[in-house]
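Spelled out from the first residue to the last, the chains are:
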Amino acid sequence: MAQTLTVLGLESSCDDTAAAVVQQSGVDRAEILSSIVYGQTELHSAYGGVVPELAARAHAEKLDQCVRDALAGADLTLAELDAVAVTAGPGLIGGVMSGVMCAKGICAATGLPLVGINHLAGHALTPRLTDAISFPYLMLLVSGGHCQYLLVRSPDDFTRLGGTIDDAPGEAFDKTARLLGLPQPGGPAVQAEAITGDPRRFRFPRPLLDRDDCNLSFSGLKTALLRQRDQIVAEKNGITRQDRADMCAGFQAAVADVLAEKTRRALRIYLAEGPSEITLAVAGGVAANTAIRGGLESVADEMGTRFLAPPLALCTDNAAMIAYAGIERFRDGACDGMDLAARPRWPLDNSSPALLGSGRKGAKA
Ligand code: KG4
Ligand code: ZN
């Protein structure tokens, strides 16, 4: 019978400072004892994106308090923990270093083991934390910083079937909102506009559908939208609310179509492996989009696959996923020394060819 493990997780790779305590008793389902997230949206709002230096300083200032809050929330002391897990990359290097140094400080002072976690592995293992699903499963990460299909075979075995070669979808939603004078974050604003829009009025491109792989591209879509907007402005001297709603609906439909079709292809590859339980899981803020989610659900349905979307708070950046990944890795014997490095780039899958692009939050994988 596996022992009970209680792990503190730290996350600071982008614009959320987070700490959490997760516990797993034997083979039971893991339990989140606490999960604290200090966001930085306001800090960066005037700049139209995350400013790495500001983010790093804010992480360094908030991490100690965040850890105290997480321990208090779990009603535990450091002495009652079994290990400390920390995001060691990929991400904005200043933020990742803040987290890694905080974790090393705790481990040096207490003698607790240190486990460095890949942020993407944290996202990818979340469905095991929330629903205890078995390997292998297919994971689609869709957020402002990530977009990739991962075949998850074990806590340390990921095959990337494809991903974006330029922007992440959330980034494209955010840029679209900016082009149309809508507030940030752009995803929810574009979705709200799209409700009253006609998705057929403007036919935006469906990039890379002619290529029989699982790679995606979203930057051309944003350029097409910019051209369409400028054409309307040139013709009418401005855009009406209806023009804007129609552009949002057209853009959203294009993203949803591309993700649905590429998911169909990724599922075909996954199904060819003959998994015993067949699951497509999603993570990332974009998975909150109802049109996109609906498209993915129907593809999963059509292909006899269970569709799983963890609660939004666990789909977006958080430390519970890092603590949980720490439990899985620690159980498998993983443990890092004081030489654990913060890595701006850290592909989950070194065997697949590198993708050209990245995402708003820096080259990821
Ligand atoms: O996972 P997340 O909270 O943060 C990271 O990017 O790591 O994702 C945020 C992204 C933003 O780009 C936001 O515009 C997008 O997710 N998003 C959405 C929706 N809600 C959030 N995109 C489309 N539709 C939504 N309803
Ligand atoms: Zn993330």
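Refer to the structure printed above.
The notes below deal with the structure included here.

**Describing the pairing of strand 1 (residues 5-11)**
- Counting buried residues in strand 1 gives 7 out of 7 residues, a clear majority hidden from the surface.
- Relative to strand 2 (residues 16-24), strand 1 runs antiparallel, the two being bridged by 7 bridges. The residue of strand 2 that forms the bridge with T6 is Q23.
- Hairpin connection of strand 1 to strand 2: 4 residues between the antiparallel strands.
- Direction of pairing for strand 1 relative to strand 4 (residues 83-89): parallel, over a ladder of 4 bridges. Its bridge partner being in strand 4, L8 is matched across the sheet by V84.

**A word on the environment of G181**
- You can see G181 is positioned in the loop between helix 5 (169-179) and helix 6 (186-194).
- Owing to a relative accessible area of 59%, G181 belongs among the exposed residues under this scheme.
- Taking the C-alpha atoms as reference points, G181 and G337, 156 residues apart in sequence, are found 49 Å from one another.

**Details of the pattern of salt bridges**
- Throughout the structure, instances matching the rule amount to 20 salt bridges.
- As a salt-bridge pair, R128 and E328 come within 2.6 Å of each other at their nearest N and O atoms. Taken together, the positions of R128 in helix 4 (residues 119-131) and E328 in helix 11 (residues 320-331) put the pair 200 residues apart, joining distant regions of the chain. Both residues of the pair, R128 and E328, belong to the buried class.
- A salt bridge links R229 to D230, with the nearest nitrogen and oxygen atoms 3.0 Å apart.
- Of the residues examined, R229 reaches a relative accessible area of 21% and is grouped as partly exposed.

**Overview of the coordination of the zinc ion (ligand 2)**
- Around the zinc ion (ligand 2), the protein supplies H119 (NE2), H123 (NE2), H146 (NE2) and D317 (OD) as donor atoms, at distances of 2.1 to 2.5 Å.
- Around the zinc ion (ligand 2) sit 4 donor atoms, and with donor-metal-donor angles ranging over 90 to 162° the site reads as irregular.
- Exposure remark for H123: the relative accessible area of 1% places this residue in the buried category.

**As for the pairing of strand 6 (residues 137-142)**
- For strand 6, the buried fraction is high: 6 of the 6 residues fall into the buried class.
- Residue alternation in strand 6 divides its side chains into two sets, Y137, M139 and L141 and L138, L140 and V142, and both sets are buried.
- Pairing of strand 6 with strand 7 (residues 147-154), which is carried by 6 bridges, proceeds in the antiparallel orientation. The residue bridging M139 from the neighbouring strand is L150, located in strand 7.
- What sits between strand 6 and strand 7 in their antiparallel hairpin is a turn of 4 residues.
- The pairing of strand 6 with strand 9 (residues 279-283) spans 4 bridges and is classified as parallel. Residue pairing across strands places L141 opposite A283, the latter belonging to strand 9.

**Quick look at helix 2 (residues 52-74)**
- Over its 23 residues, helix 2 extends 31 Å from the first C-alpha to the last, a length consistent with the 33 Å expected when each residue adds 1.5 Å.
- A55, A56, A58, H59, L63, C66, V67, A70, L71 and A74 are the residues of helix 2 that are buried.
- Along its buried surface, helix 2 packs onto strand 1, strand 2, strand 3 (31-39), helix 1 (41-44) and helix 3 (93-110).
- Looking at the residues trailing helix 2, positive phi occurs at D75, about 60°.

**Considering the sheet that holds strand 3**
- The strand order across the open sheet built from 5 strands is 3-2-1-4-5, with neighbouring strands paired in mixed fashion. Each of the sheet's edge strands pairs with one partner strand only, and the pair in question is strand 3 and strand 5 (114-118). When the angles between neighbouring strand axes are averaged without regard to direction, this sheet yields 20°.
- Contacts from helix 11 reach strand 1, strand 2, strand 3, strand 4 and strand 5 within the one sheet, and its direction differs from that of strand 2 by about 45°.

**Thoughts on the packing of helix 5 against helix 6**
- Where helix 5 contacts helix 6, the two axes come as close as 7 Å, and the packing angle between them is 65°. Note that helix 5 runs across helix 6; the crossing there is left-handed. Counted together, F173, D174, T176 and A177 of helix 5 and G186, G187 and V190 of helix 6 form the full contact between these two elements.
- Counted by class, the contact of helix 5 with helix 6 contains 3 nonpolar, 3 polar and 1 charged residues.

**Section: helix 5**
- The buried count for helix 5 comes to 8 of 11 residues, which makes it a mostly enclosed element.
- Looking at helix 5, one finds that the buried residues are P169, G170, E171, A172, F173, D174, T176 and A177.
- For helix 5, the elements touching its buried residues are strand 6, strand 7, helix 6, helix 7 (219-236), helix 8 (241-271) and helix 9 (290-302).

**Some thoughts on the nonpolar core**
- In terms of nonpolar packing, the biggest core is built from 82 residues, with M139, F204, F251 and L259 touching the most fellow members.
- Counting residues per element, this core draws most heavily on helix 8, which supplies 13 residues.
- Ignoring anything within four residues of it in the chain, the contact list for F204 reads L221, A224, L225, Q228, M247, G250, F251 and A254.
- With 25 residues, the next largest nonpolar core counts L10, L76, V84 and V96 among its residues.

Cut-offs applied
- Residues numbered from 1 in each chain as written.
- Chains lettered and ligands numbered in written order.
- Predicted model: local features only at pLDDT ≥ 70, side-chain atom pairs only at ≥ 80, totals over all residues.
- Heavy atoms only, no water.
- Buried < 20%, exposed > 50% of the residue type's maximum accessible area, 1.4 Å probe, protein only.
- Helix = DSSP H or I, 4+ residues; strand = E, 2+ residues; numbered from the N terminus.
- Pairing = 2+ DSSP bridges.
- Salt bridge = Lys/Arg side-chain N within 4 Å of Asp/Glu carboxyl O.
- Donors = N, O, S within 2.8 Å, 3.2 Å for Na, K, Ca; no water.
- Tetrahedral: all angles 85-135°; square planar, octahedral: opposite > 155°, others 65-115°.
- Expected span 1.5 Å × (residues − 1).
- Contact = heavy atoms within 4.5 Å.
- Axes fitted to C-alpha atoms, helices over the stretch in contact; angles between N-to-C directions.
- Left-handed = near helix turned anticlockwise from the far one by under 90°.
- Nonpolar A, V, L, I, M, F, W, Y, C, P; charged D, E, K, R; others polar.
- Core = buried A, V, L, I, M, F, W, Y, C linked by side-chain atoms within 4.5 Å.

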